[in-house]
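Architecture and fold: a report
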Amino acid sequence: MSVDAATVRRIAHLARIAVSEDEVPHLQGELNAMLAFVEQLSEVNVEGVEPMTSVTPMQMKKRQDVVNDGEIADDIVANAPATEGHFFLVPKVVE
Amino acid sequence: MTDLTSLTLAEARKGLADKTFTSLELTDAHLSAIEAARVLNAFVLETPDQARSMAREADARIAKGDVGPLAGIPLGIKDLFATKGVRTTACSKILGNFVPTYESTVTSQLWRDGAVMLGKLNNDEFAMGSANETSCFGPVGNPWRRDGSNTTLVPGGSSGGSASAVAALLCMGATATDTGGSIRQPAAFTATVGIKPTYGRCSRWGIVAFASSLDQAGPIARSVRDSAMLLRSMAGHDPKDTTSVDIPVPDYEAAIGKSVKGMKIGIPKEYRLDGMPAEIEKLWSEGAAWLKAAGAELVEVSLPHTKYALPAYYIVAPAEASSNLARYDGVRYGLREQAKNIIELYENTRAEGFGAEVRRRVMIGTYVLSAGYYDAYYLRAQKVRTLIKKDFEDCFAKGVNAILTPATPSAAFGIGEKSGEDADPVEMYLNDIFTVTVNMAGLPGIAVPAGKDTQGLPLGLQLIGRPFEEETLFSLGEVIEQAAGRFTPARWW
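Residues numbered from 1 in each chain as written. Chains lettered and ligands numbered in written order. Predicted model: local features only at pLDDT ≥ 70, side-chain atom pairs only at ≥ 80, totals over all residues.

Selection rule: UniProt positions are given in the numbering used here, feature names are shortened, and annotations may be inferred rather than shown by experiment.
Named according to an unreviewed UniProt entry, chain B is Glutamyl-tRNA(Gln) amidotransferase subunit A originating from Bradyrhizobium huanghuaihaiense. What the UniProt record of chain B gives under Sequence similarities (unreviewed entry) is the line "Belongs to the amidase family. GatA subfamily."

Named according to an unreviewed UniProt entry, chain A is Aspartyl/glutamyl-tRNA(Asn/Gln) amidotransferase subunit C originating from Bradyrhizobium forestalis.

**Here we look at the overall build of chain A**
To be explicit about the condition: Starting at the N terminus, helices and strands are each numbered in turn, a helix being any DSSP run of H or I of at least four residues and a strand any DSSP run of E of at least two. Based on C-alpha atoms, the radius of gyration is set beside the globule rule, defined as 2.2 Å times the residue count to the power 0.38. Residues with at least 20 neighbouring C-beta atoms inside 10 Å of their own are called buried, those with 12 or fewer are called exposed, and the rest are partly exposed, where every C-beta is derived from the backbone.
Each helix and strand in chain A was counted, giving three helices and two strands. Ordered by position from the N terminus, the helices and strands of chain A form the series α-α-α-β-β. By the compact-globule yardstick of 12 Å for 95 residues, chain A is too spread out, its C-alpha radius of gyration being 23 Å. Dimensions of chain A along its principal axes, counting C-alpha atoms only, are 55 × 45 × 25 Å. Here chain A holds 95 residues, and 16% of them are scored as buried.

**Topic: the overall build of chain B**
Where we set the bar: C-beta atoms are first placed from the backbone for all residues, and any pair lying within 7 Å is then listed as a contact.
Along chain B, the regular secondary structure elements total 15 helices and 11 strands. The C-alpha atoms of chain B give 21 Å as radius of gyration, which agrees with the globular expectation for 493 residues (23 Å, within 12%). Taken along its principal axes, the extent of the C-alpha atoms in chain B is 65 × 55 × 50 Å. The burial tally for chain B puts 61% of its 493 residues in the buried class. Considering only intrachain contacts with a sequence separation of at least 6, the fraction spanning at least 24 residues in chain B is 77%.

**Observations regarding the interface of chain A and chain B**
Operational definition: Nonpolar residues are Ala, Val, Leu, Ile, Met, Phe, Trp, Tyr, Cys and Pro. Charged residues are Asp, Glu, Lys and Arg, and all others, Gly as well, are polar.
Contacts between the two partners involve 38 residues from chain A, matched on the other side by 56 residues from chain B. Secondary structure elements with two or more residues in the side of chain A that touches chain B: helix H1 (5–14) and helix H2 (24–38) of chain A. With six residues, the single largest contributor to the side of chain A that touches chain B is H2 of chain A. For the side of chain A that touches chain B, the per-class residue count stands at 29 nonpolar, three polar and six charged.

**Considering the environment of asparagine 150 of chain B**
Relative to the elements of secondary structure, asparagine 150 of chain B occurs in the loop between strand S3 (116–121) and helix H5 (160–167). Sequence separation between asparagine 150 of chain B and leucine 118 of chain B is 32 residues, and the spatial gap between their C-alpha atoms is 28 Å.

**Observations concerning the UniProt feature "active site" (unreviewed entry) in chain B**
Residues and elements named next belong to chain B. Following the UniProt record, the feature "active site" (unreviewed entry) maps to Lys78, Ser158 and Ser182 here. Taken along the chain, the residues just named run across 105 residues; in space they keep tight, none of their C-alpha pairs more than 11.4 Å apart. Relative to the helices and strands, lysine 78 resides in strand S2 (residues 74–78). With residues up to four places along the chain from it excluded, the contact list for lysine 78 reads Leu121, Asn123, Ser159, Gly161, Ser162, Ala174, Thr175, Ala176 and Thr177. The residue serine 158 is located in the loop between S3 and H5 in this model. Given 35 C-beta atoms within 10 Å, serine 158 falls into the buried group. Apart from residues lying up to four places away in sequence, serine 158 is in contact with Asn123, Asp124, Ala127, Met128, Gly129, Asn132 and Ser182.

**Comments concerning unusual backbone geometry**
All names here are of chain B. In this chain, glycine 157 is followed by serine 158 through a cis amide linkage whose omega measures 10 degrees. Of note, the phi angle at asparagine 132 is positive, near 55 degrees, even though the residue is not glycine. Accessibility expressed as a C-beta count within 10 Å gives 35 for asparagine 132, which makes it buried. If you check the backbone angles, leucine 169 has positive phi at about 65 degrees while not being a glycine. The topology assignment puts leucine 169 in the loop between H5 and strand S4 (173–178).

**Description of helix H2 (residues 23–36) of chain B**
Residues and elements named next belong to chain B. Which entries qualify depends on this criterion: Multiplying 1.5 Å by the helix residue count minus one yields the expected span of that helix.
The terminal C-alpha atoms of H2, which comprises 14 residues, lie 20 Å apart, in line with the 20 Å expected from a rise of 1.5 Å per residue. Listed as buried for H2 are Ser23, Leu26, Thr27, Ala29, His30, Leu31, Ala33 and Ile34. Next to the buried residues of H2 lie helix H1 (9–17), strand S1 (43–46), helix H3 (48–63), S2 and S3.

**Quick word on the nonpolar core**
Note the threshold: A set of buried residues qualifies as a nonpolar core if it consists of Ala, Val, Leu, Ile, Met, Phe, Trp, Tyr and Cys joined through C-beta atoms within 7 Å.
Core analysis: the biggest nonpolar cluster contains 172 residues, and Leu75, Val116 and Ile315 of chain B have the highest contact counts within it. Looking at which element gives the most residues to this core, the answer is helix H9 (residues 309–324) of chain B, with 10 residues. Sequence-distant contacts of isoleucine 315 of chain B, that is, excluding residues within four places in its chain, are made with Val38 of chain A together with Val368, Tyr377, Tyr378 and Ala381 of chain B.

**With respect to the packing of H2 of chain A against H9 of chain B**
For the record, the criterion: A fitted line through C-alpha atoms serves as each axis, taken over the contacting stretch for helices, and the angle formed by two N-to-C directions is quoted from 0 to 180°. Between 65 and 115 degrees an angle is taken as roughly perpendicular, under 35 as roughly parallel, over 145 as roughly antiparallel, and anywhere else as oblique.
Contact geometry of H2 of chain A with H9 of chain B gives a least axis separation of 8 Å together with a crossing angle of 130 degrees. When the interaxial angle is binned, H2 of chain A and H9 of chain B end up oblique. Across the interface between the two elements, Met34, Phe37 and Val38 of chain A from H2 of chain A touch Pro311, Tyr314 and Ile315 of chain B from H9 of chain B. Among the residues forming the contact of H2 of chain A with H9 of chain B, the class breakdown is six nonpolar, no polar and no charged.

**A look at the confidence of the model for chain B**
Close reading of the predicted structure is inappropriate where its pLDDT is low. So the rule is basically this: Every residue is assigned a pLDDT by the predictor, reflecting its confidence on a scale from 0 to 100.
Here chain B averages 96 in pLDDT, and 100% of its residues register 70 or above. Scoring the predicted complex yields pTM 0.97 and, for the interface, ipTM 0.96.

**Details of the pairing of strand S10 (residues 445–452) of chain B**
Residue and element names in this part refer to chain B. What counts here: Being paired, for any two strands, means DSSP has found at least two bridges between them.
The buried fraction of S10 amounts to seven of the eight residues, a majority that puts the element mostly inside the structure. For strand S5 (residues 193–196) and S10, the ladder comprises three bridges, and the chain directions are antiparallel. Directly across from lysine 196, in S10, lies its bridge partner glycine 445. Judged from the seven bridges that link them, S10 and strand S11 (residues 458–465) form a sheet pairing that is antiparallel. Each residue of the ladder has a partner; that of valine 448, found in S11, is leucine 461. Between S10 and S11, which pair antiparallel and follow one another directly, the connecting turn spans five residues, one of which, glycine 456, has a positive phi of 85 degrees.

**Here we look at the environment of glycine 334 of chain B**
Residue and element names in this part refer to chain B. For glycine 334, the location among the structural elements is in the loop between H9 and helix H10 (342–353). On the basis of neighbour count, glycine 334 is assigned to the buried category, with 23 C-beta atoms found within 10 Å. Once the C-alpha coordinates of glycine 334 and lysine 93 are considered, the two residues, 241 residues apart in sequence, prove to be 8.1 Å apart.

Encoded structure:
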């Protein structure tokens, strides 16, 4: 499988990365090189093989359903590029 | 007192306990060495004030007889580990001047045991790379050069700053992380020892995430014993990481010098690649001969799905990365590019903040997870991963204790030799061909320096162990270290 220029633009938008028109051909070449490389997986017989979901066989520990953290709003917004009080600021989303 | 930097961690521990020197003296010697080695670009942030204050604290503890396992030992920290109040960037522009308000579990355990932080170490952006050339702080120099050459070589990656700093005697050990070979490949390129423990052995909490089902932290150090000492402090169960395993951490150092007599060592025939340099082949047989001389039994084994590990990795890792890196959106932390609306804010911020390699992987990951392609790529790769793991399980079920392989298909190469606009990214990816299988199967793997190539560059061997049997790797690694000796680069910086 290989991707065309329109697909490159679609993937870029899905990934929320702005890509200029003149970058598309180069990216297309790179993505296709990677897809060509992984193509060899199609020769593996995976009939009846379970996909891996956990590399270490273990029972996941559950945490107590209690509040054990919080009251750190100052910390949460400490690194934000734009804030007002304890809120993150973004361009207007709802008209 | 500059010769203090050439001590191993174990020697320094003894010197501190015997009060031959103080942690402050040891720390100052390393801070001077770091200052004199800035041309290597191994550190992206030096923290001398914090280092001295931690050293004084360690000295006070030692004076009171309270000697933690790493009391007063100066270490470097890969910039992927969140350090409270100290800038942490993953060497990406998108994290900007991010200053964590929390400490990663692994580093907090090092400080608990008395270690001293010298600063933050360079790495490939978000740990994506095999040469430390994708860092937003620029490439790292390898302290090793080819005989008679002035060309600066890469230290490998992604933990290139860690490996370079340890090899150049800038710190006594360093934290590192390994998703496809990022501890073992740079260790091999710099004649240092690097161990990636079993998945789940170290907590991932507070480490900038790349591919969560593959990422593991581990140490890079100058001897097998030093790496065992560091891993003991780094490992352990953490309720904040549900994939961290709740089994006791053994005293890894006790495995050093333990007999390997009767151990069965697998030599996988699939790792004998066409066109493999003769010197790698020779190193491999030498390593096997050393283990045999120490009483181990060598057996040829087969890991039939080996060749599919790298392509499967380049689906699984980018897929997980595309998901993990979705959080960098210019809203909660890091870089923000201005825009008229929220979607453009995301798109412009991520275009400006991610380097070329990260962008490429996020896009591939997005593609293989997108509707209509998920089954063909991602699901198939996860099935192949099951088969890769089964290869190892079958091998261990036959009584094999560990597997011996080369660590890398070549020695270090020059900066820019395999990167740049026209380079084929796959060419760079092939660096991890011997290491990536271990991450796919969640196993422990150690790289130990074993010799030099004809140009005088270090080469390493890799030992792969059964899950949670790191001790076996330390015992076997020690045999190789004893036979091969230790290697120190000639200082040119």
